[in-house]
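Each chain is listed here by its residues.
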Amino acid sequence: MFYSASMSLWVVPDLPLALGSPITWILPPYYTSSDLLPSSSHVYSKGDSLSDKGITYSLLRQSKRKNDEMGDNDIYIDGAKIITKESGNLACIHAKDRSTGRTEVASCVRVAEVAQIRIMTDEFPVLMLAVGAELDLQIKYHDSLGNPFHEAHNITLFEVETNYPDIVSIDKGDGHGNIHLRAKSQGMALVQIAFVSNPQKSVYVVIGVGPQLYPQNPVIHKGSGLNFNIKGLSDSASGQWFSANESILFVERLSGKAEAIGEGTTLVHFESSTSRLHTTVTVLKGNVVSVDAPREILTNVPFPAKGYAFSVKFGDAHNHSHEASGNNMLFLFDCEVDPPNIGFAKPWKDLGTGNSYCLFFPYSPEHLARSAPNSGDTLQQVSVSVRASLRGDHHISGSASALFIGGFAILGMDKNLLRLNLTRDSSESVVTIIGNRDVEVNWHDKNRLSVRPIHGADPAVGKYVQYEVKVRGAERFQDELTFSLPATGQSVGIDISYDPEDRKAVAKPANVTVWAGVSGLLILLILTVTFIICYLDRPDRSRPPVASSSPSIAAPATPERSSPAIINDQSPRTPQPFIDYVRRTIDETPYYRQDFRRRANPQNTF
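Named according to an unreviewed UniProt entry, the protein chain is Nuclear pore complex protein originating from Sesamum latifolium.

Draft legend 1. Seen up close, the packing of aromatic side chains. Applying the stated criterion to the full structure yields 10 aromatic pairs. An angle of 20 degrees between the planes, with centres 5.4 Å apart, marks the rings of F344 and F361 as stacked. Linking F344 in strand β27 (residues 343–349) with F361 in strand β28 (residues 356–362), this pair joins segments that are 17 residues apart in sequence. By relative accessible area, which is 40% here, F344 ends up partly exposed. Its relative accessible area of 8% is what places F361 among the buried residues. An aromatic cluster of three or more residues is present, and its members are F303, F344, F361 and Y363. In this structure, K446 packs its charged tip against the face of W443, placed 4.6 Å from the ring centre.

Draft legend 2. Seen up close, the confidence of the model for the protein chain. On average, residues of the protein chain carry a pLDDT of 77, and 73% of them reach 70 or more. Looking over the protein chain, one finds the lowest element-wise mean pLDDT in helix α1 (residues 316–321), namely 48, and the highest in β28, namely 94. Ignoring residues within four places in sequence, the model shows residues 62–71, a span with pLDDT below 50, making 7 contacts including any to other chains. Counted against residues more than four places away or in other chains, residues 320–330, with its pLDDT under 50, gives 14 contacts.

Draft legend 3. Seen up close, the sheet that holds strand β9 (residues 134–142). With antiparallel pairing, the 4 strands of this open sheet are ordered in space as β7-β9-β12-β11. A strand with exactly one partner marks an edge of an open sheet, and here the two such strands are β7 (116–119) and β11 (168–171). Each strand axis lies, on average, 30 degrees off the axis of its neighbour in the sheet, ignoring direction. By the bridge criterion, 4 bridges tie β7 to β9 in an arrangement that is antiparallel. For Q116, the partnering residue across the bridge sits in β9 and is H142.

How each quantity is defined
Counting restarts for each chain, with residues numbered from 1 along the sequence as it is written. In keeping with the predicted nature of the model, local features appear solely for residues at pLDDT of at least 70, side-chain atom pairs appear and are counted solely at 80 or more, and the whole-chain, interface and lining totals rest on all residues. Derived side-chain values reflect all non-hydrogen atoms in the structure, with water molecules and hydrogen atoms excluded from consideration. Aromatic contacts are taken between Phe, Tyr and Trp rings whose centres are within 6.5 Å, Trp giving its six-membered ring; a plane angle under 30 degrees counts as stacked, one over 60 as edge-to-face, and the others as tilted. Numbering of helices and strands runs from the N terminus; a helix is a DSSP stretch of H or I covering at least four residues, while a strand is a stretch of E covering at least two. Each residue gets one of three labels from its accessible area relative to the maximum for its type: buried under 20%, exposed over 50%, partly exposed in between, using a 1.4 Å probe on protein chains only. The rule is short: NZ of Lys or CZ of Arg within 6 Å of the ring centre and within 35 degrees of the ring normal puts a charge over the ring. Per-residue confidence from the predictor is given as pLDDT, running between 0 and 100. When checking whether two residues touch, look at their non-hydrogen atoms; a contact exists if any pair is within 4.5 Å. Strands are treated as partners if at least two bridges between them are detected by DSSP. Lines fitted to the C-alpha atoms define the axes, with helices restricted to the stretch that makes contact. Angles between their N-to-C directions range from 0 to 180 degrees.

Right, here's the structure in full:
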């Protein structure tokens, strides 16, 4: 294996401590900067003590007191950050390298109020966008003299408005001076960026939204081909293509396919009933860089883990000029995708064969729907061009086009468990399809199951289509709902089951009844035992007089049958074993402790 450096490296003994131009940094008042002050100017070696290395910073300015407290300073340093207070203060930062002892003025800091706002563009602020395209406008704060601020993050002193929000939508800034714009429909719109406190201080941008020709200003080589297309036009087939010089570039009038014939520069025109578009095409001599597209149809479902390989080849003259580099062509070219919102590409080299490729990775259906909610054609079918260009000279390039057909995804469902369980109380559901909406829907039982589409769009989700799934009959059944995309062969099935009986609802009252019965029996038992104990323990309960103690108790004689009845107020004699049993039972009864005098006469028990 041979290796070569991708860039030249210069080794210097020590980096300067000064932090570059401009020497004076302008910061807003009451502001905490990011880590602007580096902590080291060199690389530590193994075993070095960090306490003896690095750079220390201090302020160089006249103070009212010899030792000011940190809280009293108008500008002070907190680690690698600079913290300011009131406006109008100026201080310089002194840097000292503790490893070498070198000292130098790193930078100066001036605190000023924000007075102007400008757009970071070298051209006149008139921008043209295609329908569905996005743009980040970078703004910059300036002081009253027009000097730009070195840093002013997370300070929102302005508001952005447009006179036609249906043409251009404005998203909130990211805190770093970027305003995100999105083209929604064709037309012209004016965007105003003004201070909140003083709306008269403002800057304007004109945004034109319409169809655009892709690719823009391509550079190809003699003998190579290219496919032109229109982005943002509802019916691109209604127009025709023309080449200003067919000896340089030949273009088919209806399809837009072009072939480079000779060396030179020419214009390609597209004319329709509503628009006239053109771009410049440059044809170079020889085939220095050529790109071959894969023959298969590109799609994003299933996601290509290894990417789609666009073969990149270099001409003989280019290979001979880089023989000294060890033939490592991976670091000599870049890859780009047009349109860029479809996906991204990166260079790759197969070390086994030595071939170079541009690997194309498309974005998922969810990402495409959210990034371009108004570009339905992009989600379904579009021509994708992958361009390989030499690093340092992007005019030397080659490209190839391939057909891309986007797939679809089902929102709100686990990809590994696609199932709908319907019941009598919940006999309807909604299935949401995002991405390519040109899908076919099939199921078996048309009499018991109804499926109909409901189109819609949500700015947070993008364009989608919803299918209402509804049960018609009352019988239990199972079915499979299949969504398929014939163009790519993608197919997703959802198992559907309907159970008219809600078993959980039936089982719940039965459990409540059982527990209620058990509780009632337990309460009844407690009340019964309590009543018996309280009744036996009543002190006012009527008892017969207790007989005086005697050594023996004589039982009355039983009268003969023939004698007349003898009236006796005493009860008949109870057998002695039963009397002993009653006494023993009363003595052993819990919570029944009382004197023997209160006990009942055993002679009166029955």
